[in-house]
Amino acid sequence: DGGITQSPKYLFRKEGQNVTLSCEQNLNHDAMYWYRQDPGQGLRLIYYSQIVNDFQKGDIAEGYSVSREKKESFPLTVTSAQKNPTAFYLCASWTGATNEKLFFGSGTQLSVL
Amino acid sequence: KQEVTQIPAALSVPEGENLVLNCSFTDSAIYNLQWFRQDPGKGLTSLLLIQSSQREQTSGRLNASLDKSSGRSTLYIAASQPGDSATYLCAVGDRGSTLGRLYFGRGTQLTVWP
């Protein structure tokens, strides 16, 4: 069953702590994205990766870091430098230019303790 | 930078009504426009994708139109049902940006009551 898996569904961060959100896809897509969603707001792009071992900053990259060591995996680390991390985080992958569709995971809700 | 606006922000209608959700964007140089559905606490599900060369797309009771020159798209939902209750998001792919990167509106929260 192909798709994007995000874990955990809920995550709590203590002051000064780094936390990592997992995103795995078995769709064989090259491009992957991380978006942040705040209540009543549109999705904002944090980071994206078009190919393994390469990634680019989006509109709100400060306080976040990513890696892309495998095609299937694109983990997002929320560092202690991100002062307002409470949000819903969505990972997505892109089918490519022939289909152009974006597929999303089910999201991770991050809250601060 | 591309700005996407959706009107109305919220809509509450009785079952059976036909309804229209609106989306506008500031830069007409797009390569596609997508409508998504989001249920509470869930990810997004793609409903319809319109290429920049197309005028509309249809899927079941859903019809989306695109007018690039005026920077507008509408999502028409026929014979609405309680199961249609969700937030509907519009997103555009901008020709000036990386392929696959989308700009999103804030969404229209739809409630269909029996």
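Residues numbered from 1 in each chain as written. Chains lettered and ligands numbered in written order. Predicted model: local features only at pLDDT ≥ 70, side-chain atom pairs only at ≥ 80, totals over all residues. Heavy atoms only, no water.

1. Quick look at the overall build of chain B
Point 1. Of the regular secondary structure elements, chain B holds zero helices and 11 strands.
Point 2. Its C-alpha radius of gyration of 14 Å places chain B within 12% of the 13 Å reference for a compact globule of 114 residues.
Point 3. In chain B, which comprises 114 residues, the proportion classed as buried is 48%.
Point 4. In chain B, the 10 positive side-chain charges and the 9 negative ones have mean positions that sit 6 Å from each other. (Helix = DSSP H or I, 4+ residues; strand = E, 2+ residues; numbered from the N terminus. Rg over C-alpha atoms; globule rule 2.2 N^0.38 Å. Buried < 20%, exposed > 50% of the residue type's maximum accessible area, 1.4 Å probe, protein only. Lys, Arg positive; Asp, Glu negative; His and termini not counted. Charge placed at Lys NZ, Arg CZ, Asp CG, Glu CD.)

2. Things to note about the sheet that holds strand β6 (residues 56-59) of chain B
Think of a sheet as strands paired side by side through backbone hydrogen bonds, with each pair either parallel or antiparallel.
Residues and elements named next belong to chain B.
Point 1. Pairing is antiparallel in the open sheet, where five strands are placed in the order β1-β3-β8-β7-β6. A strand with exactly one partner marks an edge of an open sheet, and here the two such strands are β1 (4-7) and β6. Taken pair by pair, the neighbouring strands of this sheet meet at an average axis angle of 15°, ignoring direction.
Point 2. Across six bridges, the pairing between strand β3 (residues 19-25) and strand β8 (residues 72-77) is antiparallel. Each residue of the ladder has a partner; that of V20, found in β8, is Y76. (Pairing = 2+ DSSP bridges. Axes fitted to C-alpha atoms, helices over the stretch in contact; angles between N-to-C directions.)

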